[in-house]
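Residue strings, one per chain:
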Amino acid sequence: YPLVGFSPEPVGVGFYHRPNGIRALLNPSEKRFTWNSSTRDEREKDTTQTVFEFSPEKRKQVEAMLAFWDKNASRVKVRERYPQEIVDVLPSDNWAGEPGEGFPLYRLGGMQCDYRPLLENGVNGLKQDVLKRSPNPEGKLAQGLVGALDLLLHFAGRYAERIEQQAHEELTPLRKTELTRMAQSLRRIQAGEKPQTFHEACQLVWLYSILGQFWNYGRLDDALGPFLVADLDEGRITEEIATELLCSWWRLMAAFNNRNNNRVIVGGRGRANEAAADAFALLAMEATRRTRDYQPQLSLRFYKGQSPALYQRALDVIGEGCTFPLMYDDDVNIPAVMKGHHLTEEEALNWLPFGCGEYTVMSRSVSTPNGLINMPMVLDGILQKAAQGQIDVSSFDKLFDAYAARTTELMHAMAVTQKIQYDVLGEQAPFLFASLLFHDCVKRDKGICQGGMRYLGGTNETYGNITTADAFTAIKRYVYDEKKYTIEQIAQACRENFKDNDALRQDLLNAPKYGNDNDEADTMAVRVHEQICNTTAAQAKPAGLDTYLVVVVNNWGNTILGRFTNASADGRKAGEPMSNANNPTSGFDRSGTTAFLNSLVKLDPSLHAGAVQNMKFSKAMFYKDRPKTEALLNTFWKNGGQQAMITVVSRDDLQAAMREPEKWGHLLVRVGGFSIRFVELPRDVQLDVLNRTLNE
């Protein structure tokens, strides 16, 4: 990644401002804050290395550059726009230090472009189309869009020159042939012509995404499938060569090490040429099986009536130990997106997951997760105030209402900050490469954040949802129903991390827990889920957004934020991980796989914009007991299962990897919104993954 720059995606540091990398190079002995360790003492350490030697003149230039970004980064400009009432609600500004109940995330993410206009027209054709459709072809935006495409042609020529020189010097015949083919494709792109082959089409999409800095790639099967099938039918390429081409592309994506993004979507309703798209989808799964990496995040949309070969191949690949493809049921998701995003069915066909699993509408919207709320911390704050007599909690409903009022206050502030961020970005840049492939920007003569997007969407990440629900279940039972404890006793126990309160903690742990198909626990989870989702959605219109929805994707934030969160009334101790996404708290779904899945489907998917369902199965279930596993999953989908992220691994393997990490670099696991090599996780995150129930 560029160390300093301006990008439409979170890795860009002009908006998502992270100059610490350069500062560390200037001052290699300076301590930096890192999240990659389990304890606070371990996290405050020297993690820098001397990489560059700076001359006095160069150091002066770099320091001037950093001073510029300290004043002009979008994050700074956004923060300056916050009215005082928003600053008062959101005093915490980021993950560093001691994160509060909620804070904004300064970024723009979720570019899921439709590459078909680029591939169907070629660069020259797309330029002509821009000038034809623009209401102001001589205006700044239209001319800027044409200039961006000229830049693409220029870079294609630059790369072609370099590769031609490498081909000239290459002695290995096979590599010489590969380099020659690359150069030929780049020369055709440089000429602005329509791609004619699968290789040319892949090369054009990749080069465009690099220049545009898009780390999610949309429905590549729909865009590239026709080129693949045409090449196979005409004998210009073999399936093996095509597969190796995708393997090469997958490795390039992985080389960017952007584990929270790199989404490639295959399958699903609404594809223009389903047969050709299916051919690409099968090839993509084979490339994923061969490369066996944690990127790209290959995702399969499926539905009744789709070729069953895709679903079966997906299970084959997952069963071999890959964590991809991620599974999304269109028969559930399309109606959910229609309701949650207020779309027609035709528009909802364009829904796509991006990043950690947030939903957006391809080439029509972004749904950047630009804020987060630590829900157990919110509840703890209410309990502590109640213990001090500041809040009336004489009934459970009054306690819940006080909690709901605080989440409403936080979510309103978050929605306002999201709109401010879009406004600031619109003033700073049109994001030309994105605007070229977003459907309405050219005809509206506006960039994506300047009014060019059809739907201005926003999302908010919520953490510890189920921890909060289980805590409410325990409080209701022991304080309000059985009257065994008081709110003051619960609040004190949480504040003091259950010191000298083992009996109380044991009661809290023994209270019903979500994930066991238990009516008491699951009803509370539904109540917590509906409250936070409906509260969030209600903030869209007042903030000036078309939609504002919860995302429950969590990556490993449940562990990170857990380190800073007091003990909670479900029995969890201070510093321990909170529940991940919509999943049960690790180790507390004890009634079997069917009960676990029955609990999952009770949370309405139409109220949010993405949630992850992490499932860990034994290898035997995908081989010896494959029919039973398929029947189990089919029932899950039939009952309303929205999505599944499946890891096939044994507990013994995970434990062995913790003992001898040098031998287990190949072991992939699904953490939350991303996959990663198990040995690269901090130890407390490893333990969280290990403790999730293994479905036998």
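Please refer to the structure higher up on the page.
Calculation rules
Residues numbered from 1 in each chain as written. Predicted model: local features only at pLDDT ≥ 70, side-chain atom pairs only at ≥ 80, totals over all residues. Heavy atoms only, no water. Helix = DSSP H or I, 4+ residues; strand = E, 2+ residues; numbered from the N terminus. Rg over C-alpha atoms; globule rule 2.2 N^0.38 Å. Buried < 20%, exposed > 50% of the residue type's maximum accessible area, 1.4 Å probe, protein only. Contact = heavy atoms within 4.5 Å. Areas by Shrake-Rupley, 256 points an atom, 1.4 Å probe, with all protein chains shown as cover. Lys, Arg positive; Asp, Glu negative; His and termini not counted. Charge placed at Lys NZ, Arg CZ, Asp CG, Glu CD. Polar contact = N/O pair within 3.5 Å; in protein donor to acceptor, adjacent residues only side chain to side chain. Axes fitted to C-alpha atoms, helices over the stretch in contact; angles between N-to-C directions. Parallel < 35°, antiparallel > 145°, perpendicular 65-115°, else oblique. Left-handed = near helix turned anticlockwise from the far one by under 90°. Nonpolar A, V, L, I, M, F, W, Y, C, P; charged D, E, K, R; others polar. Pairing = 2+ DSSP bridges. Phe/Tyr/Trp six-rings, centres within 6.5 Å; stacked < 30°, edge-to-face > 60°. Lys NZ or Arg CZ within 6 Å of the ring centre and 35° of its normal. Core = buried A, V, L, I, M, F, W, Y, C linked by side-chain atoms within 4.5 Å. Salt bridge = Lys/Arg side-chain N within 4 Å of Asp/Glu carboxyl O.

A. Spotlight on the overall build of the protein chain. In terms of helices and strands, the protein chain carries 31 helices and 17 strands. For a compact globule of 696 residues, the expected C-alpha radius of gyration is about 26 Å, and the protein chain comes in at 26 Å, within 12% of that figure. Overall, the C-alpha framework of the protein chain stretches about 80 × 60 × 50 Å when taken along its three principal axes. For the protein chain, buried positions account for 60% of its 696 residues. Long-range contacts, defined here as pairs at least 24 residues apart, represent 75% of the contacts in the protein chain between residues at least 6 apart. Surface accessibility of the protein chain: about 26900 Å² in total, with carbon and sulfur atoms responsible for 49%. The centroid of the 80 positive side-chain charges in the protein chain is displaced by 2 Å from the centroid of its 87 negative side-chain charges.

B. Fine view of the environment of Arg236. In this fold, Arg236 is placed in the loop between helix H10 (220-234) and helix H11 (239-255). Look at Arg236 and you get partly exposed, because its relative accessible area is 47%. For the pair Arg236 and Asp222, spaced 14 residues apart in sequence, the C-alpha to C-alpha distance is 20 Å. Of the polar contacts made by the side chain of Arg236, one reaches the side chain of Asp231; its length is 2.8 Å.

C. Spatial organisation of the packing of H11 against helix H12 (residues 274-291). Between H11 and H12, whose axes approach to 9 Å, the crossing angle comes to 60°. By the angle class used here, H11 and H12 are oblique. Handedness of the crossing formed by H11 with H12: right-handed. Contacts from Glu239, Glu240, Ala242, Thr243, Glu244, Leu246, Cys247, Trp250 and Arg251 in H11 reach Phe280, Leu283, Ala284, Glu286, Ala287, Thr288, Arg290 and Thr291 in H12. When the residues that make up the contact of H11 with H12 are grouped by side-chain class, the tally is eight nonpolar, three polar and six charged.

D. Inspection of the sheet that holds strand S14 (residues 614-617) at higher detail. Reading across the sheet, the five strands line up as S4-S5-S6-S15-S14 and stay open at both edges, with mixed pairing between neighbours. Each of the sheet's edge strands pairs with one partner strand only, and the pair in question is strand S4 (263-267) and S14. Between one strand axis and the next, the sheet turns through 25° on average, direction left out of account. Bridging between S14 and strand S15 (residues 643-648) involves four bridges; their strand directions are parallel. In the sheet register, Phe617 faces S15, and the bridge partner there is Val648. Helix H14 (residues 330-341) contacts strand S5 (297-302) and strand S6 (326-329) of the sheet and is inclined by roughly 65° relative to S6.

E. A look at the packing of aromatic side chains. Using the criterion set out here, one finds 21 aromatic pairs in the structure. Taking the centre distance of 6.1 Å and the plane angle of 90° together, the rings of Tyr115 and Tyr208 count as edge-to-face. Of this pair, Tyr115 sits in the loop between strand S3 (102-104) and helix H6 (116-133) while Tyr208 sits in helix H9 (residues 198-212); the two residues are 93 residues apart in sequence, bridging distant segments of the chain. According to the relative accessible area criterion, Tyr208 is buried, its value standing at 0%. Three or more aromatic residues link up through ring pairs in this structure, and these residues are Phe396, Phe400, Tyr403, Phe472 and Tyr480. The ring of Phe400 carries Arg527 above its face, with NZ or CZ at 4.2 Å from the centroid.

F. Local environment of the environment of His168. Relative to the assigned elements, His168 resides in helix H7 (residues 140-169). His168 sits in the exposed class, given a relative accessible area of 64%. Along the primary structure His168 and Thr180 are separated by twelve residues, whereas in three dimensions their C-alpha atoms are 8.9 Å apart.

G. Geometry of the nonpolar core. Core analysis: the largest hydrophobic core is formed by 181 residues, its most contacted members being Phe198 and Leu224. Counting residues per element, this core draws most heavily on helix H17 (residues 396-428), which supplies 15 residues. Look past the residues within four positions of Leu224 in its chain and what remains in contact with it is Leu119, Phe198, Ala201, Cys202, Val205, Trp249 and Phe280. Core analysis: the next-biggest nonpolar cluster, separate from the first, contains 18 residues, Trp556, Ala656, Ala657 and Ile676 among them.

H. Summary view of the packing of helix H8 (residues 173-190) against H9. In contact at an axis separation of 9 Å, H8 and H9 are set at 65° when each is read in the N-to-C sense. Here H8 is positioned roughly perpendicular relative to H9, judged by the angle of their axes. In the packing of H8 onto H9, the handedness of the crossing is right-handed. Facing H8, whose interface residues are Arg181, Met182, Ser185, Leu186, Arg188 and Ile189, H9 presents His199, Glu200, Gln203, Leu204 and Leu207.

I. Just the pairing of strand S10 (residues 369-374), in detail. Counting buried residues in S10 gives six out of six residues, a clear majority hidden from the surface. With three bridges joining them, S3 and S10 adopt antiparallel strand pairing. Counted as the bridge partner of Phe103 is Leu372 from S10.

J. Representation of the pattern of salt bridges. For the coordinates displayed, the defined rule picks out 41 salt bridges. In this structure, the salt-bridge partner of Arg313 is Asp316, at a minimum N-O distance of 3.7 Å. Here Arg313 pairs with Asp316, and both are found in helix H13 (residues 308-319), just three residues apart, close to one helical turn. A relative accessible area of 22% places Arg313 in the partly exposed class. Each of the salt bridges in this network shares a partner with another, and the network as a whole consists of Glu240, Glu244, Glu286, Arg289, Arg290, Arg313, Asp316, Glu320, Arg626 and Glu630.

K. Region of the structure containing H14. Turning to H14, its buried residues number three or more, namely Asp330, Val332, Asn333, Ile334, Ala336, Val337, Gly340 and His341. One side-chain oxygen at the N-terminal end of H14 lies 2.9 Å from the backbone nitrogen of Asp331; it belongs to Asp329. After H14 finishes, the residue His342 shows a positive phi value of roughly 60°.

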